[in-house]
Amino acid sequence: MSSRRNTASGVLAAIAAIAASEALAALLDLRESPVLAVGQSVIRLTPGALAEAIIGVVGQADKPLAIGGVVLAIVGLGALVGHWWSAHRLRSFLLVGVLVVLASAAVLSRPYGTAAGVFASVAAGVVVLGVLQLLLRDNSEDSADLSRRSFLRTFAVLTVATVFIGAAGQVLASRHRRRQAVERVRGSLRLPKRTSSAPAGADLEIAGQGPWLTSNRDFYRIDTALSPPLIDPSQWSLRIHGMVDNELTLTYQDLLDRGLEDAWITICCVSNPVGGDLIGNTVWGGVRIDGILEEAGIQAGADALLSTSDDGWTCGTPLSALTDGRNALLALTMNGEPLPIVHGFPVRQVVPGLYGYVSATKWVVDWEVTRFADFEAYWTQRGWGERGPVKTESRIDVPSGAQPIETGTTTVAGVAWAQGVGIAGVEVRVDEGPWQKATLGAVPNVDTWVQWTYDWSATPGDHTIEARATNADGEPQTGVRADVLPDGATGYPGISVTVA
Ligand SMILES: Nc1nc2c(c(=O)[nH]1)N[C@H]1C(S)=C(S)[C@@H](COP(=O)(O)O)O[C@H]1N2
Ligand SMILES: [Mo]
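Residues numbered from 1 in each chain as written. Chains lettered and ligands numbered in written order. Predicted model: local features only at pLDDT ≥ 70, side-chain atom pairs only at ≥ 80, totals over all residues. Heavy atoms only, no water.

*Asks:* Explain the domain arrangement of the protein to me, using residue names and the numbers behind them.
*Replies:* Examined at the domain level, the protein breaks down into domain 1 (2-175), domain 2 (233-382) and domain 3 (393-499). For domain 1 versus domain 2, the distance between C-alpha centres works out to 38 Å. Summed over both partners, the interface of domain 1 with domain 2 buries about 720 Å², with 49% contributed by carbon and sulfur atoms. Where domain 1 touches domain 2, the interface holds zero salt bridges. Where domain 1 packs against domain 2, one counts three residue pairs in polar contact (both at pLDDT 80 or more). Partitioning the side of domain 1 that touches domain 2 into residue classes produces five nonpolar, three polar and three charged. (Domains from an automatic or database assignment. Buried area = accessible area lost by both parts, 1.4 Å probe. Salt bridge = Lys/Arg side-chain N within 4 Å of Asp/Glu carboxyl O. Polar contact = N/O pair within 3.5 Å; in protein donor to acceptor, adjacent residues only side chain to side chain. Nonpolar A, V, L, I, M, F, W, Y, C, P; charged D, E, K, R; others polar.)

Okay, structure coming up:
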């Protein structure tokens, strides 16, 4: 019996199992298929430094990559099961059994884990065994030719069946009832009209530079959710407990009843390298967090707010940053619209001056007022700093440095940010010459990035251009290069250009 036949059978069995479990998950309207649940476990078990390296290389393609990795691993293990099937049947069975148990454990470890998810995992195991049984049954009485033909026929039939089931599953999944229902509710919400255009003078409208106001579609997305939580606002509530005098539970309507305030806030990710684009600026509509915490009554000794999302992600925020008067919000809208689902619908936190991982909990459902000494949040467990104040930074957007530019006056432009403090100035230097003042755009407050521009008289040759921002306290950003781990990158942004 050829071992190629075994390996091919194992591969097909694994693909058929994935197709079947995905189709079952769609049919049973599971929030997460077993493959997604396993992917989430892989994400959870990935050490922080490795996660960082991966995001550094693949950026926001991390999610498809995680799913692709899981699928490839399953196919590889399927090949192994097939390889063992004829000579070591018990080993094959054991490996399939172990994989089913692991998948079931992954399903049950999730907040959305149900018995139906375990059923889909077990079904996948049964499909693997069934397909291998059909393909590799012992037909030693047949001639080699007959056996080969019957193998190929069965292989073809099973391949067609797999494609069919896989496609049917995709169609079913695209009609995911819950996602459609939540999208519908989101689309029909009539929230009070919010601001949605940039204040005058903020956007310098420089060719090649992105807009001052980031559209919801272009806003960077970073989170650990392979498929985002789907929450009907009428079912949503935020439970506030821990070191408080009054436990509170707030509903979506409670927040609306308080009236929404608009705040322009630029948020950024601690994983954003110097020059990177994990940063966005928009107007958020929400309810101030300080007022809510005041109602709850913070008890003496508490210094942290531990927030948890619907999918179990955790975040620790210094209470001082939530009560010092800055515009820390429980946001319901983003650029005038209900939050997009991937950005935290129906309610998320936004806190100016802190990186997202310590402040910007999306799909937030639980607040515990507590002490930093008493817990470790998701990214802190993985080696990131406990507190994450945003570091003063700048970025050069124009010229890109990709093409040579012409001699003469050239616009150099970018953005700079120091949320919570504000930007007092930006300077540019060429070839490590003297720092020259750039012109700043207008901004509505200290919590957004600022666009800047500088006219440079470009002379022929190769040049490096650097920028540095100074915050409103008069502190210039540091030129010392630091990696994003453990609490945010620093260093002057720089580009190399050739002038023809
Ligand atoms: N529930 C949840 N909220 C989360 C995260 C997450 O993984 N899960 N990631 C945080 C991080 S690291 C960042 S930088 C911001 C990004 O918000 P955005 O995706 O809306 O830009 O969300 C924060 N909120
Ligand atoms: Mo982040």
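*Asks:* Requested: an account of the site of ligand 1, with residues and values cited.
*Replies:* Residues in close proximity to ligand 1 total 19 residues, the closest being Tyr 220, Thr 224, His 343, Arg 348 and Lys 362. A distance of 2.9 Å separates an oxygen atom of ligand 1 from a polar atom in the backbone of Thr 224. If ligand 1 stood free it would expose 530 Å²; the protein chains cover 99% of that surface. (Near = heavy atom within 4 Å. Areas by Shrake-Rupley, 256 points an atom, 1.4 Å probe, with all protein chains shown as cover.)

*Asks:* Break down the pattern of salt bridges for me, with residues and values.
*Replies:* Scanning the model with the defined rule gives 19 salt bridges in all. One salt bridge connects Asp 145 with Arg 149, and the closest N-O pair in it is separated by 3.6 Å. Here Arg 149 and Asp 145 lie together in helix 7 (residues 144-174), a separation of four residues that amounts to about one turn. Notably, a salt bridge pairs Arg 221 with Asp 223, separated by 2.8 Å at the nearest N-O pair. In this pair, the class of Arg 221 matches that of Asp 223, namely buried. Put simply, Lys 63, Arg 221, Asp 223 and Lys 362 are held in one network by salt bridges that share partners. (Helix = DSSP H or I, 4+ residues; strand = E, 2+ residues; numbered from the N terminus. Buried < 20%, exposed > 50% of the residue type's maximum accessible area, 1.4 Å probe, protein only.)

*Asks:* Describe in detail the environment of Gly 113, supporting the description with residues and values.
*Replies:* With respect to the element layout, Gly 113 can be found in the loop between helix 5 (89-108) and helix 6 (115-135). Once the C-alpha coordinates of Gly 113 and Glu 32 are considered, the two residues, 81 residues apart in sequence, prove to be 7.9 Å apart. Contacts of Gly 113, omitting those with residues within four sequence positions, involve Val 107 and Leu 108. (Contact = heavy atoms within 4.5 Å.)

*Asks:* An account of the layout of surface pockets is requested, with residue identities and associated values reported.
*Replies:* Taken as a whole, the largest pocket spans an internal volume of roughly 690 Å³. Only helix 2 (34-45), helix 3 (48-58), helix 4 (62-85) and helix 12 (378-381) provide two or more residues apiece to the lining of the largest pocket. Per-element tally for the lining of the largest pocket: the top contributor is helix 3, with five residues. When residues are assigned to domains, the lining of the largest pocket turns out to be shared by domain 1 (2-175) and domain 2 (233-382), each giving three or more. Surrounding the second largest pocket, 29 residues form its lining, Val 38, Ile 74, Leu 99, Val 100 and Ala 103 being those nearest its centre. (1 Å grid on protein atoms, 1.4 Å probe; cavity = no way out; pocket = protein on both sides within 12 Å on 5 of 7 lines; lining within 4 Å. Points joined across faces, edges and corners; volume = space filled by probe spheres on them.)

*Asks:* How would you summarise the pairing of strand 11 (residues 393-398) if you had to cite specific residues and measurements?
*Replies:* Within strand 11, six of the six residues are buried, which leaves the element mostly enclosed by the surrounding structure. Relative to strand 12 (residues 408-417), strand 11 is paired through five bridges, and the arrangement is antiparallel. Across the sheet, residue Glu 393 finds its bridge partner in strand 12, namely Trp 417. (Pairing = 2+ DSSP bridges.)

*Asks:* Could you give me a rundown of the nonpolar core, with the residues and numbers involved?
*Replies:* Grouped together as the largest cluster of nonpolar side chains are 74 residues, with contacts concentrated most on Leu 255, Trp 284, Ile 292, Leu 330 and Trp 367. Taken together, domain 2 (233-382) and domain 3 (393-499) each give at least three residues to this core, which thus spans both. The residues contacting Leu 255, other than those within four sequence positions of it, are Trp 236, Leu 250, Leu 260, Val 287, Ile 292, Leu 330, Leu 332 and Val 347. Residues Val 426, Val 430, Trp 452 and Ile 495 belong to the second largest nonpolar core, which totals 21 residues. (Core = buried A, V, L, I, M, F, W, Y, C linked by side-chain atoms within 4.5 Å.)

*Asks:* Would you mind going over unusual backbone geometry in detail, with residue names and values included?
*Replies:* Look at the link from Phe 345 to Pro 346: it is a cis peptide, with omega at 5°. Along the chain, the position of Pro 346 falls in the loop between strand 8 (337-338) and strand 9 (348-350). Of note, the amide linkage connecting Val 398 to Pro 399 takes the cis form, showing an omega dihedral of -5°. Position of Pro 399 relative to the elements: it lies in the loop between strand 11 and strand 12. In this model, Asp 431 sits at a positive phi of 50°, which is unusual for a non-glycine residue.

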